[in-house]
Protein chains: 2
Amino acid sequence: MTKKLGMQSFYFAAPPTIVSSAAVVGPLEGAGPLKGKFDKAYEGVDADEDSYEKAERRMIMDACYIALKKINTPPENVEYFLAGDLLNQIISAEFAALQLAIPFLGIYGACSTAVEGLILGSVLIDGGFGNLVLAACSSHYNTAERQYRFPNEYGTQHKPVCQHTVTGAGAGVLATGGLGPVVTHATVGKVIDMACTDALNMGAAMAPAAADTINRHLLDLGRTADDYDLILTGDLGSVGYELTLQELKDTYKSDIKAKYQDCGLLIYDRATQPEVMSGGSGCACSATVFYSDIYQRLMTGKLKRIMLVGTGALMSPTSLQQGENIPCIAHAISVEMR
Amino acid sequence: MTKKLGMQSFYFAAPPTIVSSAAVVGPLEGAGPLKGKFDKAYEGVDADEDSYEKAERRMIMDACYIALKKINTPPENVEYFLAGDLLNQIISAEFAALQLAIPFLGIYGACSTAVEGLILGSVLIDGGFGNLVLAACSSHYNTAERQYRFPNEYGTQHKPVCQHTVTGAGAGVLATGGLGPVVTHATVGKVIDMACTDALNMGAAMAPAAADTINRHLLDLGRTADDYDLILTGDLGSVGYELTLQELKDTYKSDIKAKYQDCGLLIYDRATQPEVMSGGSGCACSATVFYSDIYQRLMTGKLKRIMLVGTGALMSPTSLQQGENIPCIAHAISVEMR
C-alpha cells in the first residue's frame, strides 16, 4: 500500500488541510503589489527589536501566533513545529520553537524550506502521527546580506541579476480535516548542480532544479499544465523565471507558460521598487506570497488547484570561498480547494 | 487511527528496520575504546582532501556508500536521503546529496540530527511514502572549532568541561522489512532553555533537554528503565552525564543509572586521550557509536532493546555574540532486535 507515484512523488491518502495561515512582512514588501494582503507589515525592518536577527525571530513568532489565533488554537495543542530559516544553525526557527514550546523538528532547504515544511508536516499527518502541525519559515534582507554577502552598511552595489531577500515570515497550520485547501501530492527534489558559482545570481543557479522538479511532478502524477490554475515557483526572479521556462520539457513548455508565475516577481513591483533588482528571494518569499494572496485566492475559489515549487540554493559563504559551485534543489506540492 | 502516545511520542505500526549502517571516524576516534568497531578510520583528519570541510564531506559520503554497499544497493534505489551536519547551511549533507543524487530533505537538529533523521525516515516508511531511506550526519573537530569557537591554529586552551567534537560520519539505511533492529517508538523533543550561555560547556546546557526527553519517552510509552538494556544519550560527556542523572524523575533515577551511558564517554578513553576533556560531542558522536558498536551488539543479540537519545545545542556564534542563552533539544527513539 505504497503512496509513491513515479520516481520522486507521492500522494496523501487523506490530504491534510491547511486550516490557517499567516504572513508578516517588512515595509518594502508591505508597500508592494500585495499591499493589504498580509496579516502584518512592520513599519521598520527592525520590528522594534535591537538587532536584525531578533527582528527576524519576532517575525517568525508573530506569523506563528497569528496563524494559530485565527483558529483559536493555543500552541500547546499543536503536536509538531517544523521550521527553518537562512541564518546559520537556523536560530530564528529554534528560538521561535523555544517560545512556542511545541515539539520541534528543524529543517533546512534554503529558500525551499516553506515547501519542505508543508511536505513533512503533511507526511506526519497523513501517516497518522498527529492531527495538528505548524510549519513556518522566515528570512530578512539585513540578516541575509550580512551573513551571505556584505553588511548593508558597506554600501556594496548590486548587479541587475541580484535578487532582494524578502523580509518577513510565513506560517501554515496543517490538520486532518477542517476548512481550507488540501495538500494532495508532493515531489521531493534532487540536488542539481549546473556549475553556477555566482552568489549574486541565484535565480540562474536555481532554475534547472525548478524545471527538473516541475517536469518530474507532472510526469510522476500523470498530469499536464492544464490540470493547474497556477504553477508557482518560490524565488527565481526575472532571470530564473526565464531560464526555468527554457529548461522545461518541450511537451510542457507552451502550456506551462500561461500558468507560470514566480513569487519573487509577485511580491515586488520592479518598476517602482528598482532596489529589488531582478525580484524577491529568501525563505519568506514563497512563504509570504503563498500564505497571503494565494491562500486567500484558494479559499475564495478563485484558484482551484496550484503547484507550489519551493526553490533553494544550497551553499554557504565557506563553500563559495572554497571554490564550490552552488547546487540547488526544488520541492513541489499540489494544493487544491475541494 | 492515530499512532500518538501521550504528549510527544508515537509508535510505528510496522516498525522500520535498520537494514544496514556504517560509521567512519578520524584517527583519534579510531584509536579509542571502540577501535576496530568502525567501518573505516582515516589516517589523518584531512582524509586526503585539501580542506577540513571537504574532509567532512568525504566522510559523510563514505559512510553512505559503505552502508549501501553492505546491502548491495545502489544509491538510485534509495527513495529519500535525510541528512544534516553542524556546518553553516549543512553543506556537508548537501554536497553528499548532490553526489548521491537521491531525493533530499535537509534536516538540522545540531547534534540530535542522527536521531531526527531516524525519526523522519521511519515516519516516511511507516506512513507508506517509501520503502528505502538513507539517514546520515557528520561532524569534524577542525571544521566545528573553526566555525563555533577558534581555529585550532590559534592554540586556544580548552577548559576541563569542554568536549571534543567527534570527527566522522554515520549512515543508516531504513527499510520496510529485512534483517536488523527495528525502530518501534519515537519522542520528538521540545526546545528547553536553562539559561546556560557557555559554549565551552555544552554538556551542561544539553542535560535538562536530555532528561526531559528520557522522562517523557518512558511516561508516554508507559515503560520504565527495566524495559531497556541500554539508555544511551548522544553527546553529553562527563559533565552532562552527571547532570542528566540528577534531572531525571525521582521514580526513574535509580533504575536508569544502571542502564545509562553516553556516546561522548564511550568513544574516547579520557584517561589516555586527555585532549578530549569531558568527552565527545557533535552529530557524529551518537551516529558513529550507534551505527558501529551498538548496531553490532543489537544484531548479535547482546542488546535486545535500547533507547537512543540524540541531544543538540541550538545556538550559533551570532546568537551567542548577541547575548542569547543556549537552548537545547533531545529526541528519543526505541530500537529493538526482534
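Computed from a predicted structure; not experimentally measured.

Asker: Sorry if this is basic, but what is going on with the relation of the copies chain B and chain A here?
Answerer: Least-squares fitting of chain B to chain A yields an RMSD of 0.0 Å, with the transformation described by 0.0 Å of translation along the axis and a rotation of 180°. The transformation relating the two chain copies, once decomposed into turn and shift, fits a two-fold axis. In this assembly, 100% of the residues forming the interface of chain B have copies in chain A that are likewise at the interface, indicating an isologous arrangement.

Asker: Quick question: what am I supposed to make of the environment of B:Gly44 here?
Answerer: Residue and element names in this part refer to chain B. Tracing the backbone shows Gly44 in the loop between β4 (40-41) and α2 (52-70). Look at Gly44 and you get partly exposed, because its relative accessible area is 23%. Along the sequence, Gly44 and Gly26 sit 18 residues apart, while their C-alpha atoms lie 6.6 Å from each other.

Asker: Sorry if this is basic, but what is going on with the pattern of salt bridges here?
Answerer: Oppositely charged side chains can pair when the atoms bearing their charge come close. All names here are of chain A. Under the counting rule described, the total for this entry stands at 35 salt bridges over all chains. Between Asp126 and Lys3 there is a salt bridge, with its nearest N and O atoms 2.9 Å apart. Within this pair, whereas Asp126 is found in helix α4 (residues 113-126), its partner Lys3 is found in the segment before β1 (4-5), the two being separated by 123 residues in sequence. A single burial state applies to Asp126 and to Lys3, both of which are buried. A salt bridge links Asp50 to Lys54, with the nearest nitrogen and oxygen atoms 3.4 Å apart. Shared partners join several salt bridges into a network, and the residues in it are Lys40, Glu49, Arg58 and Asp62.

Asker: What exactly am I supposed to notice about the environment of B:Arg338 here?
Answerer: All names here are of chain B. Note that Arg338 resides in the segment after β15 (328-336). Residues Arg338 and Gly301 lie 37 residues apart in sequence; the distance between their C-alpha atoms is 9.0 Å. Setting aside residues no more than four positions away along its own chain, Arg338 makes contact with Pro15, Val182 and Thr184. Within the local environment of Arg338, its side chain forms a polar contact with the side chain of Glu336, the two groups lying 3.0 Å apart.

Asker: What is the right way to read the interface of chain B and chain A from this model?
Answerer: Quite often, the size of an interface is put as the accessible area lost when its parts meet. Every contact between the two is made by 62 residues of chain B and, on the other side, 62 residues of chain A. For the pair chain B and chain A, the summed buried surface comes to about 4,900 Å²; carbon and sulfur atoms form 63% of the total. It is B:Gln89, B:Tyr108 and B:Phe129 in chain B that bury the most area against chain A; as a group they hold 14% of the surface buried on that side. Seen at the junction of chain B and chain A, the total is 5 salt bridges. For A:Glu324, the salt bridge identified is with B:Lys54, shortest N-O distance 4.0 Å. Seen at the junction of chain B and chain A, the total is 25 residue pairs in polar contact (both at pLDDT 80 or more). Of all the secondary-structure elements, those providing two or more residues to the side of chain B that touches chain A are β2 (9-11), α2, α3 (91-100), β6 (104-106), α4 (113-126), α5 (141-148), α11 (317-321) and β15 of chain B.

Asker: When you look at the side chain of A:Ser21 in this model, what are you seeing that I'm missing?
Answerer: All names here are of chain A. Along the chain, Ser21 turns up in strand β3 (residues 17-25). By relative accessible area, Ser21 is classed as buried at 2%. A polar side-chain atom of Ser21 sits 2.8 Å from the main-chain carbonyl oxygen of Tyr291. The contacts of Ser21, once residues within four sequence positions are left out, are Asp39, Ala67, Lys70, Ala171, Gly172, Tyr291 and Tyr295.

Quick notes on the rules
- Residues numbered from 1 in each chain as written.
- Chains lettered and ligands numbered in written order.
- Predicted model: local features only at pLDDT ≥ 70, side-chain atom pairs only at ≥ 80, totals over all residues.
- Heavy atoms only, no water.
- Least-squares fit on C-alpha atoms with pLDDT ≥ 70 in both.
- Contact = heavy atoms within 4.5 Å.
- Helix = DSSP H or I, 4+ residues; strand = E, 2+ residues; numbered from the N terminus.
- Buried < 20%, exposed > 50% of the residue type's maximum accessible area, 1.4 Å probe, protein only.
- Salt bridge = Lys/Arg side-chain N within 4 Å of Asp/Glu carboxyl O.
- Polar contact = N/O pair within 3.5 Å; in protein donor to acceptor, adjacent residues only side chain to side chain.
- Buried area = accessible area lost by both parts, 1.4 Å probe.

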